[in-house]
Amino acid sequence: RGEDRTIEYVALPRSAVEPVEPPSDEQLQTWFEERKDNYAAPEYRKIEYVKLEAEDIADPSVISDEQVESYYQQNQAQYTTPERRQVEQLTFASAEEATAARESMRTGTTFEDLIERQGKKLQDVSLGTLTRADIPDQVIADAVFSLTEDQVSDVVQGTFGPVLLRVTEITPEAVTPLDQVKEEIRQQLALDEANRLLLDTYDQYEDARAGGDTLQEAAERLSLTVATIDAVDRDGNKPDGTRVEDVPNLPALLAEAFQTEVGVENAPINLTGSGFLFYEVAEIVPARDREFSEVRDRVLEDWTEAEVTSRLDARAKALQEEIKNGKTLDEISTELGQEKMVKRGLKREASDADLGQTGVAAVFSVAKGETGTVANPAGDARFIFQVTEVFEPASATAESLPDDIKTAVNQGLENDLLDQLVTRLQAEHGVTVNRTAMQQALAF
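Below, the structure is looked at part by part. Once a new chain begins, its residue numbering starts again from 1 and follows that chain's sequence as written. In view of the model being predicted, local features appear only for residues whose pLDDT reaches at least 70, and side-chain atom pairs are presented and counted only at 80 or more, with totals across whole chains, interfaces and linings using the full set of residues. With hydrogens and water stripped out, all remaining heavy atoms of the structure feed into the side-chain values.

Helix and strand definitions here come from DSSP, where helices need a minimum of 4 consecutive H or I residues and strands a minimum of 2 consecutive E residues; each element is numbered from the N-terminal end. The number of helices and strands found in the protein chain is 15 helices and 14 strands. In this setup the radius of gyration rests on C-alpha atoms only. A globule is expected at 2.2 Å times the number of residues raised to 0.38. Relative to the compact-globule value of 22 Å for 444 residues, the protein chain shows a C-alpha radius of gyration of 38 Å, a clear excess of over 25%. Taken along its principal axes, the extent of the C-alpha atoms in the protein chain is 100 × 80 × 50 Å. Relative to its full complement of 444 residues, the protein chain shows a buried share of 34%. Contact criterion: two residues are considered in contact whenever any of their non-hydrogen atoms come within 4.5 Å of each other. Within the protein chain, contacts between residues separated by at least 24 positions form 68% of all contacts whose residues are at least 6 apart in sequence. When the accessible area of the protein chain is evaluated, it comes to approximately 26600 Å², of which 48% is carbon and sulfur surface. Exposure categories follow from relative accessible area, calculated using a 1.4 Å probe and restricted to protein chains: below 20% of the type maximum is buried, above 50% is exposed, and the middle band is partly exposed. In these tables, accessible area is a Shrake-Rupley quantity obtained with a 1.4 Å probe, and a residue counts as shielded only by the protein chains included in the view.

This next bit is on the sheet that holds strand 7 (residues 161-171). Pairing within the open sheet is antiparallel, and its four strands lie in the order 5-4-7-6. Either end of the sheet is taken by a strand with one partner, and the two such strands are strand 5 (126-130) and strand 6 (156-158). Put simply, the sheet's adjacent strands are angled 40 degrees from each other on average, direction ignored. Note: two strands are recorded as paired if DSSP finds a minimum of 2 bridges between them. Pairing analysis gives three bridges linking strand 6 to strand 7, with the strands arranged antiparallel. Following the sheet pairing, G158 is matched in strand 7 by G161. In this analysis an axis means a line fitted to C-alpha atoms, helices contributing only their contacting stretch, and an angle means the value between N-to-C directions, from 0 to 180 degrees.

The complete set of buried residues in helix 12 (residues 329-336) reads L329, I332, S333 and L336. Each buried residue of helix 12 sits inside an arc of 100 degrees when the element is viewed along its axis, so together they form one side. Looking at the packing, one finds that the buried side of helix 12 touches strand 1 (4-13), helix 11 (296-324) and strand 14 (381-391). The arc in question is the one spanned by the directions pointing from the helix axis to the C-beta atoms.

Moving on: unusual backbone geometry. In this model, E18 is joined to P19 through a cis peptide bond whose omega is 0 degrees. Relative to the helices and strands, P19 is located in the loop between strand 1 and helix 1 (25-34). For E349, which is not glycine, the phi torsion reads 75 degrees and is therefore positive. Note that E349 resides in the loop between strand 12 (341-347) and helix 13 (356-363).

Let us look at the pattern of salt bridges. Counted as salt bridges are all cases of a side-chain nitrogen of Lys or Arg within 4 Å of a carboxyl oxygen of Asp or Glu. Going through the model one piece at a time under the given rule, you end up with 36 salt bridges. With a shortest N-O distance of 3.8 Å, K36 and E33 are connected by a salt bridge. For E33, a relative accessible area of 39% translates into the label partly exposed. Note that K182 is salt-bridged to D179, the shortest N-O span being 4.0 Å. Of this pair, K182 and D179 are both found in helix 8 (residues 178-210), three residues apart, which corresponds to roughly one turn of the helix. Residues joined in a network through salt bridges with shared partners are K51, E53, E55 and D56.

Okay, the sheet that holds strand 2 (residues 44-52) next. One open sheet accounts for four strands, arranged 9-2-11-10; its pairing is antiparallel. On the outer flanks of this sheet lie strand 9 (226-232) and strand 10 (269-270), each paired with one strand and no other. For strand 10 and strand 11 (residues 276-285), the ladder comprises two bridges, and the chain directions are antiparallel. Counted as the bridge partner of N270 is F276 from strand 11. Contacting strand 2 and strand 11, helix 8 crosses the sheet at an angle of about 35 degrees to strand 11.

Our focus in this paragraph is the environment of R209. Its place among the elements puts R209 in helix 8. The buried category is assigned to R209, whose relative accessible area is 11%. Sequence separation between R209 and E265 is 56 residues; the distance between their C-alpha atoms is 8.4 Å.

Taken N-terminus to C-terminus, the directions of helix 3 (residues 65-74) and helix 8 make an angle of 105 degrees; their axes are 9 Å apart at the nearest point. If you check the angle between helix 3 and helix 8, you find them roughly perpendicular. Taking contact as the criterion, the partners of D65, Q67, V68, E69, Y71 and Y72 in helix 3 are, on helix 8, L178, V181, K182, I185, R186 and L189. Under the scheme applied here, ten amino acids are nonpolar (Ala, Val, Leu, Ile, Met, Phe, Trp, Tyr, Cys and Pro), four are charged (Asp, Glu, Lys and Arg), and all others, including Gly, are polar. Tallied by class, the residues present in the contact of helix 3 with helix 8 amount to seven nonpolar, one polar and four charged. For classification, angles of less than 35 degrees are called roughly parallel, those exceeding 145 degrees roughly antiparallel, those between 65 and 115 degrees roughly perpendicular, and all remaining angles oblique.

Time to look at the nonpolar core. Side chains of a nonpolar character, in soluble globular proteins, are inclined to be buried together. In this description, a nonpolar core means a group of buried Ala, Val, Leu, Ile, Met, Phe, Trp, Tyr and Cys residues linked to one another through side-chain atoms lying within 4.5 Å. Counting 21 residues, the largest nonpolar core has L12, F32, Y39, V299, L319, L336 and I384 as the members making the most contacts within it. Sorting the residues of this core by element identifies strand 1, helix 1, helix 11 and helix 12 as the ones contributing at least two each. Of all the elements, helix 11 adds the most residues to this core, at seven residues. If we ignore the near neighbours within four places in the chain, the residues touching L319 are L12, I332, E335, L336 and I384. Counting residues in hydrophobic clusters, the runner-up holds 16 residues, among them L250, L253, A257 and F258.

See the structure below:
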């Protein structure tokens, strides 16, 4: 088992560095120019599509009243709510005991008295509200459905012994009139017919396209609707940042639409169940750099967030230096108006609810008595911490570590070295992105 650590820490909230005064337009423009690629508009495509599912070709007007009534009569049970009865059942050890109990009711004993004599309550003998089909014992079912309301049965020999039964409420069978469901039936019959005709309609659409009809003309010929997505990027976003909604199988449509060209007739996309989506790309708006005026509000928001992050990091580092120079965490917590917290039993590679995995890793990156800073999991505060205790078991050696921990440590060291190398190379060699060259390369 690895070592455990105890830390004391104080949160530095973003409110400690806010409000952030807004930059001048010149500053914001400069910041934007340095990060212009981050605000580039992606490629957008205008897509026209035709959905072909049973509901799209169903025509209830062709279903006659005679067809509706015939279906209703053949499926009467579907529109019938069976009679239901609220049933109570009192079970006895023998037929003699049950008969004696039933006879006692002729001289004034009530069903409630019999329940009480068995040390039970009404809820103990209630079977609930049941239909005939709900009662698996046919003998019991026949007896229950022969009683009138509040009547107690004679002794009934059920599968599990003799019983007395009482029905306390009867809800009669109810049949939904044809007039109330005829349009629902008509719609269902139309959908059933449309499902049978779906592939025929598919063939008619394909024949129309093969004969020279455009997507719009073929759809109109079959009374189908052409829908249009005016502009969408490959991730499903509109130019205003909102998501495209209510488009069937959108992921598949986007994946295919961004692989084709304007005006090309494409193979249809299959829809869940049975159905097809015919589509064409009507227009392609190439990716481009946005002007500052188009994204000023977003740039200001990003600049402000970056400035808050920068100030939080700087303030946290400054407070860390103050601790190294003798100031205590108690003094800092008072200065910030934040409670000093203590976290015990931290284990390496754990993901603490308050610190997160990154925070725990930071705690284990310093020695006892040393300090550090780390962003909280939400990213809206910094923790300034100090390691106060380290508990290392006597048996804790490199050989005692589990293989997965050894692997994780090795990978962590490798990643750290690689990150240091990349950082150094980025500092020594400037990196630029030639978007034109990238677009030319990706065009093939």
